[in-house]
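Chain by chain, the residues run as shown.
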Protein chains: 2
Amino acid sequence: MKATIVTIGDEILIGQIVDTNSSYIAKALDKIGIATHEMLSISDDKEHILNTFQKLQNEVEVVIITGGLGPTKDDITKKTFCDYFEDTLIEDEAVLLHVKEIIEGFYKRPITQINREQALVPTKAKVLFNKAGTAPGMWMEKENTVFISLPGVPFEMKYLIDNEVIPNLVQKFERPYIVHQTIMTYGRGESLIAEQIEAWEDNLPEFIKLAYLPSPGKVRLRLTARGNDKEILQNEIKKQVQLLDLLIHEIIVGYNEDEPIEVVLGKILTEKKLTLATAESCTGGKIAALMTAIPGASNYFKGSVVSYATQTKIDVLGVSKEVIDKYGVVSAEVAKEMALGVQKLTKSDYAIATTGNAGPLKGDADAELGAVFIAIASPNDVFVEEFNFGQPREKVIDRAVSKALELIYKEFLKK
Amino acid sequence: MKATIVTIGDEILIGQIVDTNSSYIAKALDKIGIATHEMLSISDDKEHILNTFQKLQNEVEVVIITGGLGPTKDDITKKTFCDYFEDTLIEDEAVLLHVKEIIEGFYKRPITQINREQALVPTKAKVLFNKAGTAPGMWMEKENTVFISLPGVPFEMKYLIDNEVIPNLVQKFERPYIVHQTIMTYGRGESLIAEQIEAWEDNLPEFIKLAYLPSPGKVRLRLTARGNDKEILQNEIKKQVQLLDLLIHEIIVGYNEDEPIEVVLGKILTEKKLTLATAESCTGGKIAALMTAIPGASNYFKGSVVSYATQTKIDVLGVSKEVIDKYGVVSAEVAKEMALGVQKLTKSDYAIATTGNAGPLKGDADAELGAVFIAIASPNDVFVEEFNFGQPREKVIDRAVSKALELIYKEFLKK
């Protein structure tokens, strides 16, 4: 059971936008046991699209296409569908009514001819009704392959995948089992982990595959088992994870791929009825943005002071000017005072503070490029650690964010 | 002159990571006039990789492959290269020395066997020396196609693209001219813009293509001209942009695709020697994180108070409890007090404040789901606007961030 995901759009091929749709679709397919064979980005060109359809016909059972369904002239997927399936467009009444409701109701203006054309669909298509936007999805079949076309706007695509595409695929196809288990590790490099778990990895059964997914400051390990007996797969994965835990227990922070460390932290804070605040200099609010991206964060996240300017550290967080003059604004002492300052200001149980020099220029600080101090304040204590995350700027910021979350997570493990 | 970009890795095909490498590479190729024909993501499987190489052989002049070069066992690109080019691996002395320097110098430990294997390269390969990491890039040629293999870690890939791949491609190939011009618009929908500029679009010369790139709250318009005479292309693009400006002047915020609105704002603030601060509730620090991602932000960005909890709005920003009780925490009055509060606290010239209900639950607020108030404080004034960005949560946050930046940008235009 294989699928290929096709994104259509010159804006992807010239690098102007990053394709995030394919990964969302692949994850959804994977959960129902459909393996993504390939992802493909192609141009807004009729011949190119037709050639691609021809190539994929009968190579895979499912082709999911995103993009090229918008209201404007550069969108040609629908016409190409008609060519490929030797079909013509008709106006779908339900879709037209829906387009009218959105445009007239939400935007408070009459629909235009361009809006009206969104309700056109090929006569042979099953319409996938799009409650999240004006462009409908379409499901068409030819020989052994289903072609599904979705709008490229991410939240519209997501709505259709979750509410139309997946339920329809589940109904149509019988699928094998795929079991994944991700192990999230923090603070150790890929090659060092590989050395430590080499013997274990060599002894994995044939039907289990291991992958290393490194990103700044953390490595995710992913086990994938494929087969027909779900129970055997699950038991073997469970056994292997236990063996792995014996080898690298100290760096494992969690097991759920949909649970990045900020979600794990949110759960711990909720469960223990504790609150958190951040005082951020070099991370510029990114820790707060991560923590608050999670629904329900208001239960435990009090807030943040992004004290980017030195004077803001003094005026808002109450960091002492003498300490700054003596140790420099990028220093262990300032990080500590920032953490204690925001903890007091927001009446939080815990606080994270970052101060560093992300570069590319030295800025206010004497500290070397890439130097970052991270302080963690708990109800009765405060500690600080020093790092150098090198360059470039974005890497320094990302690693500082990762490391800060790791440090506070480990602090909770101790309790 | 065409290229295809191939990313190798099961982690992409199961949707665990988003491929951002391809877009970086495509942008770099586009700048030197090489068009990306397709992007392709395939599995860590030798047969799959070999089949892909075979298919691309002579279909395009350049194939750039990322991923599958790391130190761990799931990385097989190098061995597959040997198969495809009928070659064997040898240890490259310069690369080995470099690996030793990084591991022994930076990580302070002796190199392992796995580290050592990173210095192995096919005998026929031109080594692309990777100063940003341990895995070298490789350049190999067969008939009319160059195959270039790069590590998948983004900052290593970027280093090699900028410093090795692009300079080598420029030297090897003659290329046609491609001129792009992006027009950034804020605050009007795609289909409405399309109606307004329809006559202009219909009259564009054959060699110029227009694309619409919508994202929450903004639409980028991209003109692409291809041809052999650079000057003609540039003049025609310039002329068309002037005509377009006559039609939609009021929604255009800039013309540089590498200049998102936060960069434009940074330039205005620097030029006018003004400072900015933010008080963020529903946007959770995301405006601050965007502003501070830009090098040099410390010249104009004073900081932010992420007043996520209601009490933090009172304690840190000085919002009056009476106002909150009377109007609710998601209200025009609270947004205004937040903006004035952070402006005073950080002694900034301008301030942005956001308060809203991003959902999915109602939280502290009585306001409806998706409701957001954005206030802008300037030296002598403060104003507030109300929006409803619907659902889901991530869309509300993203649109609030976009809209806030648009509002302050427009405020500067008035002066």
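All values derive from a computational prediction rather than experimental measurement. (Residues numbered from 1 in each chain as written. Chains lettered and ligands numbered in written order. Predicted model: local features only at pLDDT ≥ 70, side-chain atom pairs only at ≥ 80, totals over all residues. Heavy atoms only, no water.)

A.B. asks: Can you lay out the overall build of chain A for me, pointing to particular residues and giving the numbers?
C.D. replies: Check the secondary structure of chain A and you find 16 helices and 17 strands. Once the C-alpha set of chain A is aligned to its principal axes, its extents read approximately 75 × 60 × 40 Å. Residues counted as buried form 60% of the 415 residues belonging to chain A. Of the contacts formed within chain A by residues at least 6 apart in sequence, a portion of 67% connects residues at least 24 apart. Within the structure as shown, chain A displays about 17,000 Å² of accessible surface, and the carbon and sulfur contribution to it stands at 50%. In chain A, the 47 positive side-chain charges and the 60 negative ones have mean positions that sit 4 Å from each other. (Helix = DSSP H or I, 4+ residues; strand = E, 2+ residues; numbered from the N terminus. Buried < 20%, exposed > 50% of the residue type's maximum accessible area, 1.4 Å probe, protein only. Contact = heavy atoms within 4.5 Å. Areas by Shrake-Rupley, 256 points an atom, 1.4 Å probe, with all protein chains shown as cover. Lys, Arg positive; Asp, Glu negative; His and termini not counted. Charge placed at Lys NZ, Arg CZ, Asp CG, Glu CD.)

A.B. asks: Tell me what's going on with a nonpolar patch on the surface, and back it up with residues and numbers.
C.D. replies: On the surface, Leu243(A), Leu246(A) and Leu247(A) cluster together into a nonpolar patch covering about 290 Å² of accessible area. For Leu246(A), the position within the fold is in helix α10 (residues 230-248). (Patch = residues over 30% accessible without salt bridge, like charges linked within 9 Å, V, L, I, M, F, W, Y side chains within 5 Å. Salt bridge = Lys/Arg side-chain N within 4 Å of Asp/Glu carboxyl O.)

A.B. asks: Kindly report on the pairing of strand β7 (residues 137-142) of chain B, identifying the contributing residues and their values.
C.D. replies: Residues and elements named next belong to chain B. Relative to β7, strand β6 (residues 126-128) runs antiparallel, the two sharing 3 bridges. Considered in β7, the bridge of Val127 is made with Met138. Pairing between β7 and strand β8 (residues 145-150): 5 bridges, direction antiparallel. Paired with Trp139 across the strands is Ile148, a residue of β8. Following β7, the chain reverses through 2 residues before pairing antiparallel with β8; Glu143 in that reversal takes a positive phi of roughly 50°. (Pairing = 2+ DSSP bridges.)

A.B. asks: Quick one: what's the story with the side chain of Asp19(A), residue by residue and with numbers?
C.D. replies: Among the structural elements, Asp19(A) can be located in the loop between α1 (10-13) and α2 (21-31). No salt bridge forms around the buried Asp19(A); measuring N to O, its nearest opposite-charge neighbour Lys158(A) is 11 Å away. Here Asn21(A) takes part through its backbone nitrogen, which lies 3.1 Å from a polar atom of the side chain of Asp19(A). In terms of polar contacts, Asp19(A) uses its side chain to reach the side chain of Ser22(A), at 2.5 Å. Excluding its chain neighbours within four sequence positions, the residues that come into contact with Asp19(A) are Thr7(A), Ile12(A), Ser41(A) and Val18(B). (Polar contact = N/O pair within 3.5 Å; in protein donor to acceptor, adjacent residues only side chain to side chain.)

A.B. asks: Tell me about the relation of the copies chain A and chain B, and please be specific about residues and values.
C.D. replies: Overlay of chain A on chain B (RMSD 0.1 Å): rotation 180°, translation along the axis 0.1 Å. Between the two chains, the operation in question is that of a two-fold axis. Residue by residue, 100% of the interface of chain A is reproduced at the interface of chain B, so both copies engage with the same surface. (Least-squares fit on C-alpha atoms with pLDDT ≥ 70 in both.)

A.B. asks: Account for empty space enclosed by the protein, naming residues and giving values.
C.D. replies: Going through the model one piece at a time under the given rule, you end up with 2 cavities of 30 Å³ or more. Volume-wise, the largest cavity comes out at about 160 Å³. Mapped onto the lining of the largest cavity, the elements with two or more residues apiece are α2 and β2 (35-42) of chain A together with α2 (21-31) and β2 (35-42) of chain B. (1 Å grid on protein atoms, 1.4 Å probe; cavity = no way out; pocket = protein on both sides within 12 Å on 5 of 7 lines; lining within 4 Å. Points joined across faces, edges and corners; volume = space filled by probe spheres on them.)

A.B. asks: Could you give me a rundown of the nonpolar core, with the residues and numbers involved?
C.D. replies: Residues Met291(A), Phe301(A), Met291(B) and Phe301(B) are the most contacted members of the largest nonpolar core, which totals 77 residues. If sequence neighbours within four positions are ignored, Met291(B) has contacts with Glu262(B), Leu265(B), Leu269(B), Leu276(B), Ala297(B), Tyr300(B), Phe301(B) and Leu405(B). Listed in part, the 47 residues of the second largest apolar core include Val319(A), Ala367(A), Ala371(A) and Ala279(B). (Core = buried A, V, L, I, M, F, W, Y, C linked by side-chain atoms within 4.5 Å.)

A.B. asks: Report on unusual backbone geometry, specifying residues and quantitative values.
C.D. replies: Across the junction of Gly359(A) and Pro360(A), the peptide omega takes the value 5°, indicating a cis bond. Residue placement: Pro360(A) occurs in the loop between β15 (350-356) and β16 (371-378). Omega for the bond connecting Gln391(B) with Pro392(B) falls within 30 degrees of zero, at 0°, which places this linkage in the cis form. As for its placement among the helices and strands, Pro392(B) is situated in the loop between β17 (381-388) and α16 (393-414). One non-glycine residue, Glu143(B), adopts positive backbone phi at about 50°. Locating Glu143(B) in the fold gives a position in the loop between β7 and β8.

A.B. asks: Lay out the layout of surface pockets with the relevant residues and their values.
C.D. replies: Quantified by volume, the second largest pocket comes out at close to 690 Å³. Contributing to the lining of the second largest pocket are 29 residues, with Lys209(A), Leu210(A), Arg226(A), Asp10(B) and Asp44(B) lying nearest its centre. If you list the elements that add at least two residues to the lining of the second largest pocket, you get β2, α9 (198-202), β10 (208-215) and β11 (218-227) of chain A together with α1 (10-13) of chain B. Here the residues of the lining of the second largest pocket sort into 11 nonpolar, 5 polar and 13 charged. (Nonpolar A, V, L, I, M, F, W, Y, C, P; charged D, E, K, R; others polar.)

A.B. asks: With reference to specific residues and values, describe the interface of chain A and chain B.
C.D. replies: With 88 residues of chain A in contact, the opposing surface of chain B contributes 88 residues. Of the roughly 7,400 Å² buried between chain A and chain B, counting both surfaces, carbon and sulfur atoms make up 56%. Linking chain A with chain B are 6 salt bridges. The salt bridge involving Asp315(B) is made with Lys347(A); its shortest N-O contact spans 2.6 Å. Across the chain A-chain B interface, the total number found is 39 residue pairs in polar contact (both at pLDDT 80 or more). In terms of residue class, the side of chain A that touches chain B is made up of 34 nonpolar, 26 polar and 28 charged. (Buried area = accessible area lost by both parts, 1.4 Å probe.)

A.B. asks: Before we move on, could you go through the packing of α2(B) against helix α7 (residues 154-172) of chain B and cite the residues and values that matter?
C.D. replies: Residue and element names in this part refer to chain B. Viewed as axis vectors pointing N to C, α2 and α7 meet at an angle of 25°, and their least axial separation amounts to 11 Å. The orientation of α2 with respect to α7, classified from their angle, is roughly parallel. As for how α2 packs across α7, the hand of that crossing is right-handed. Residues Asn21, Tyr24, Ile25, Ala28 and Leu29 of α2 form the contact with α7, whose own contacting residues are Pro154, Met157, Lys158, Ile161, Asp162, Ile166 and Leu169. Here the contact of α2 with α7 is built from residues that sort into 9 nonpolar, 1 polar and 2 charged. (Axes fitted to C-alpha atoms, helices over the stretch in contact; angles between N-to-C directions. Parallel < 35°, antiparallel > 145°, perpendicular 65-115°, else oblique. Left-handed = near helix turned anticlockwise from the far one by under 90°.)

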